[in-house]
Amino acid sequence: MIHNAANAALLILGYVTVWFMIGMFRKRNDMADIAWGLGFVLLCVFFFFTRPFSTIAAIVYVLIVLWGLRLSLHIAWRSSGKPEDFRYRQWRDTWGKWFVLRSYLQVYVLQGCFMLLIAAPVLIAAEAASNRVHAVTIAGIVLWLIGFVFEAAGDYQLSVFVKNKRNKGDIMQTGLWRYTRHPNYFGEVLLWWGIFLIVLPLEHGLWGIISPLTITFLLLKVSGIPMLEAKYVDNPQFQDYKKKTSAFFPWRI
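Just so you know, these numbers come straight off a predicted model, no measurement behind them. (Residues numbered from 1 in each chain as written. Predicted model: local features only at pLDDT ≥ 70, side-chain atom pairs only at ≥ 80, totals over all residues. Heavy atoms only, no water.)

Caption draft 1: Expanded view of the side chain of threonine 214. Assignment of secondary structure puts threonine 214 in helix H9 (residues 210-222). Looking at threonine 214, the relative accessible area reads 12%, which means it is buried. Beyond its immediate sequence surroundings of up to four residues, threonine 214 is in contact with Phe114, Leu117 and Ile118. (Helix = DSSP H or I, 4+ residues; strand = E, 2+ residues; numbered from the N terminus. Buried < 20%, exposed > 50% of the residue type's maximum accessible area, 1.4 Å probe, protein only. Contact = heavy atoms within 4.5 Å.)

Spelled out as structure tokens, the structure:
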């Protein structure tokens, strides 16, 4: 597994460096968001062709590739023709002469580090020789499916809402967004816990818990919910929505 981690680290470093150059050329660091899902796809393809094949590895690779492709395509479509995401634009305005270096280290390389941690189940699956499908494996697949549906449906519902000009300035409060303020984040976390369960019966499988713990922490405490909701701190409609609807778990008061 250490050999797999070393190979993955080198691959990710090269990958994020390429995307850093693309971001600098296009003058928009939110290219890192498009690169996120595709990075996991790259890792799965790499290990598919360089490691012995197993049933569990195939399941992990297929599920992560489906997730990564959908997410990156959605973000690319969502950002097409629009200015750089406000979070990255704020950094562009405040980093001054250190902008290029901090962009590389704080946006791309740091994202690569998180990518390596969250990809732990891929590294574990790549070592697997077992073709046995356990009950916990099935449970993981079911959990992944629920999470994937939440994330994909939440993204789709929001895109339809935003596209409707009559909703300009309003807060999305229908569909899945009626029950959780971030159904896409809930789905994202859920599907990574599913991936963890799939690899849990494997040798070193328990180490895979690094993956869902990391993504849960990031979305709930760092770059997900806190950064997005800070944008609406002075929005009365959002504050009313916040009082009635759970930030993460589907629950409405």
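That covers the picture; the talk isn't over yet.
Caption draft 2: A look at the packing of aromatic side chains. Enumeration according to the criterion identifies 21 aromatic pairs in this entry. Ring geometry for phenylalanine 40 versus tryptophan 192: centroids 5.4 Å apart, planes at 50°, classification tilted. Remark: tryptophan 192 occurs in helix H8 (residues 183-199) and phenylalanine 40 occurs in helix H2 (residues 31-50); sequence separation between them is 152 residues. The same class applies to phenylalanine 40 as to tryptophan 192, namely buried. Directly above the aromatic system of phenylalanine 86 lies the positively charged group of lysine 231, at a separation of 4.6 Å from the ring centroid. (Phe/Tyr/Trp six-rings, centres within 6.5 Å; stacked < 30°, edge-to-face > 60°. Lys NZ or Arg CZ within 6 Å of the ring centre and 35° of its normal.)

Caption draft 3: Quick look at the nonpolar core. In terms of nonpolar packing, the biggest core is built from 57 residues, with Phe40, Ile64, Trp67 and Trp192 touching the most fellow members. Among the elements of the structure, helix H1 (2-26), H2, helix H3 (55-79), helix H5 (99-118), helix H6 (120-127), helix H7 (135-163), H8 and H9 are those that each provide at least two residues to this core. Per element, the largest residue contribution to this core is 10 residues, and it comes from H3. Residue contacts for tryptophan 67: discarding those within four places in its chain leaves Trp36, Gly37, Phe40, Trp144, Phe148, Glu151, Glu188, Leu191 and Trp192. In terms of nonpolar packing, the next biggest core, distinct from the first, is built from 6 residues, Phe161, Met172, Trp177 and Phe238 among them. (Core = buried A, V, L, I, M, F, W, Y, C linked by side-chain atoms within 4.5 Å.)

Caption draft 4: Representation of the pattern of salt bridges within the structure. Per the stated rule, a full pass over the model turns up 9 salt bridges. In this structure, arginine 70 engages aspartate 155 in a salt bridge whose closest nitrogen and oxygen atoms are separated by 2.8 Å. With a gap of 85 residues between them, arginine 70 in helix H3 and aspartate 155 in helix H7 connect regions that are remote in the sequence. The class for aspartate 155 is buried, based on a relative accessible area of 6%. Among the ionic pairs, glutamate 84 bridges to arginine 92, the shortest N-O distance being 2.9 Å. For glutamate 84, a relative accessible area of 8% puts it in the buried group. Classification of arginine 92 by relative accessible area gives partly exposed; the value is 26%. Look at the salt bridges and you will find they share partners, linking Asp33, Asp85 and Arg87 into a network. (Salt bridge = Lys/Arg side-chain N within 4 Å of Asp/Glu carboxyl O.)

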